[in-house]
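# Coordinates in review
The chain contents come next:
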Amino acid sequence: MLIKRREFLKISSLATASLMMPNFLKAMTLNEALEPNQKILVVLQFTGGNDGLNTIIPIKNDIYFKERNNIAIKDSLALNDETGINPALSYFKELFDNGELSVMNNVGYPDPDKSHFRSMDIWHSASRSDEFLETGWLGRFLDEECYRCEHPTQALEVDDMLSLALKGENNKAFAFKDPKRLYQTSQEKYFKSLYDHHHDDETVSYLYQTLGSTINNADYIFEKSKSKKTDQVYPNSQLGKDFKTVASLIKSDINTQVYYLSVGSFDTHVNQNERQAKLFSDINEAVKSFVADLKSNGIFNDVLLMTFSEFGRRVAQNASNGTDHGTANQMFFISGGLKKKGLLNALPDLQKLNEGDLIYTEDFRKVYATILKNWLKADSSKVLGWKNGIYDFI
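Note that the coordinates shown come from a computational prediction; the quantities given were computed from them, not determined experimentally.

### Quick word on the sheet that holds strand S3 (residues 77–78)
Strand order in this open sheet of three strands is S2-S4-S3, and the pairing throughout is antiparallel. For this open sheet the edge positions go to strand S2 (56–58) and S3, each flanked by a neighbour on one side alone.

Below is the structure:
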């Protein structure tokens, strides 16, 4: 079979988007649902470095208002006497009041890096700041689970490309933006002919084998996404569509335990308040629909939504009514199955800074270890090499 360069590039593009090992792809076609009450993790990445101080706000702290005389949030929604939340996150306030949201403040790591790319790599791989890993923390979770489970634990990322966080040594997640589009692409004649195509070149042969498996899985994911229709109305934003896709799959019997989403960019060097408010509004409405969908189907207690950003911003505003790259930040945890609710620790200490930056008090790898051990029931020490304890909020 002769394939023109344009078609070959299309084929290669689909393979790159998949980023799957053939044996793992084959496993995804197994029609095995998650065990009853199996916990599900949904990760929402705030790409670009969200400003945590204008998210969870120290409403009684004079230093905050002095250093941010133009961009301080003065109409926050009170969580307690000392703390407010950005008014664009009104549903998060409702979750907080209902005991369905936990906030971990001042999360970071030693010797922080202010580069978007390097800091994101550190968060994705759960490495030290002086350590460079080629696998991600959730990818290594897949490696660990696939060795001891009757069927491979699977993960899906709603994006065109797979993040480092979901790449393991032997197993990787599957990345796609839209189940229907993935399915339609896989049904094109050039892809359908791949099953019977062989090539002497090992690399090209691997490409065809991978794509052949991708066709199976595109059909599998698409069928599962259609199996449980939702009456819940989601916002028409991209994030709203992404959450709707995740909800449809969670409600089906697809064998997937980890979902990964991202939103941004939060790189607010200029006119921060307007940009952050728009992003928060999109997040607020998408999460509101997602949680309502889970609750109406009786599965909210078994799903944990976790948010993170690669770093926070500096304490002082800049000359452009924005903030520059900083260090520590907060993480949100949303679920009906939280053991500890509300603010899990103290707000950042604005009197003790490192050259204008927050000094972290909570290591993000301890958070990951908690998620792995208490929620996903995995061996966190094998996945992370972390042996410094865990939290007890889940």
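That covers the picture; the talk isn't over yet.
### Details of the pattern of salt bridges
A full pass over the atoms with the stated rule returns 15 salt bridges. Salt-bridge contacts for Asp130 lead to Arg128; the nearest nitrogen and oxygen are separated by 3.1 Å. Accessibility expressed as a relative area gives 44% for Arg128, which makes it partly exposed. Of the charged contacts, one joins Asp267 and Arg313 as a salt bridge, the two residues approaching to 3.2 Å between their closest N and O atoms. In this pair, Asp267 is assigned in the loop between strand S8 (258–264) and helix H11 (272–296) and Arg313 in the loop between strand S9 (303–309) and strand S10 (329–334), connecting sequence segments 46 residues apart. By relative accessible area, which is 29% here, Asp267 ends up partly exposed.

### Topic: helix H12 (residues 364–375)
In a regular helix each residue adds 1.5 Å, so 12 residues correspond to 16 Å; H12 covers 16 Å between its end C-alpha atoms and thus fits that length. Judged by how many residues are buried, H12 sits mostly within the fold: nine of 12 residues are covered. Listing the buried residues of H12 in full gives Phe364, Arg365, Val367, Tyr368, Ala369, Thr370, Ile371, Leu372 and Trp375. Lys377 lies just past H12 and shows a positive phi near 60°.

### Details of the nonpolar core
Val42, Phe243, Ile250, Ile283, Val287 and Phe290 are the most contacted members of the largest nonpolar core, which totals 46 residues. Sorting elements by how many residues they give to this core places H11 first, with eight residues. In contact with Val287, other than residues within four places in its own chain, are Tyr91, Phe92, Leu95, Phe243, Leu305 and Ile334. Counting residues in each nonpolar core, the second largest holds 42 residues, with Ala126, Phe141, Leu162 and Tyr260 among its members.

### Side note on the side chain of Arg313
We classify Arg313 as buried; its relative accessible area is 2%. Here the side chain of Arg313 touches Gly48 through a polar contact of 3.2 Å, landing on its backbone oxygen. A polar atom in the side chain of Arg313 sits 3.2 Å from the side chain of Asp267.

### Comments concerning the packing of helix H4 (residues 90–97) against H11
Put simply, H4 and H11 touch, their axes get as near as 8 Å, and they point 45° apart. In terms of their interaxial angle, H4 and H11 are classed as oblique. Residues Ser90, Tyr91, Phe92 and Leu95 of H4 form the contact with H11, whose own contacting residues are Ile283, Asn284, Val287, Lys288 and Val291. Tallied by class, residues from the contact of H4 with H11 come to six nonpolar, two polar and one charged.

Conventions and cut-offs
Residues numbered from 1 in each chain as written. Predicted model: local features only at pLDDT ≥ 70, side-chain atom pairs only at ≥ 80, totals over all residues. Heavy atoms only, no water. Pairing = 2+ DSSP bridges. Helix = DSSP H or I, 4+ residues; strand = E, 2+ residues; numbered from the N terminus. Salt bridge = Lys/Arg side-chain N within 4 Å of Asp/Glu carboxyl O. Buried < 20%, exposed > 50% of the residue type's maximum accessible area, 1.4 Å probe, protein only. Expected span 1.5 Å × (residues − 1). Core = buried A, V, L, I, M, F, W, Y, C linked by side-chain atoms within 4.5 Å. Contact = heavy atoms within 4.5 Å. Polar contact = N/O pair within 3.5 Å; in protein donor to acceptor, adjacent residues only side chain to side chain. Axes fitted to C-alpha atoms, helices over the stretch in contact; angles between N-to-C directions. Parallel < 35°, antiparallel > 145°, perpendicular 65-115°, else oblique. Nonpolar A, V, L, I, M, F, W, Y, C, P; charged D, E, K, R; others polar.

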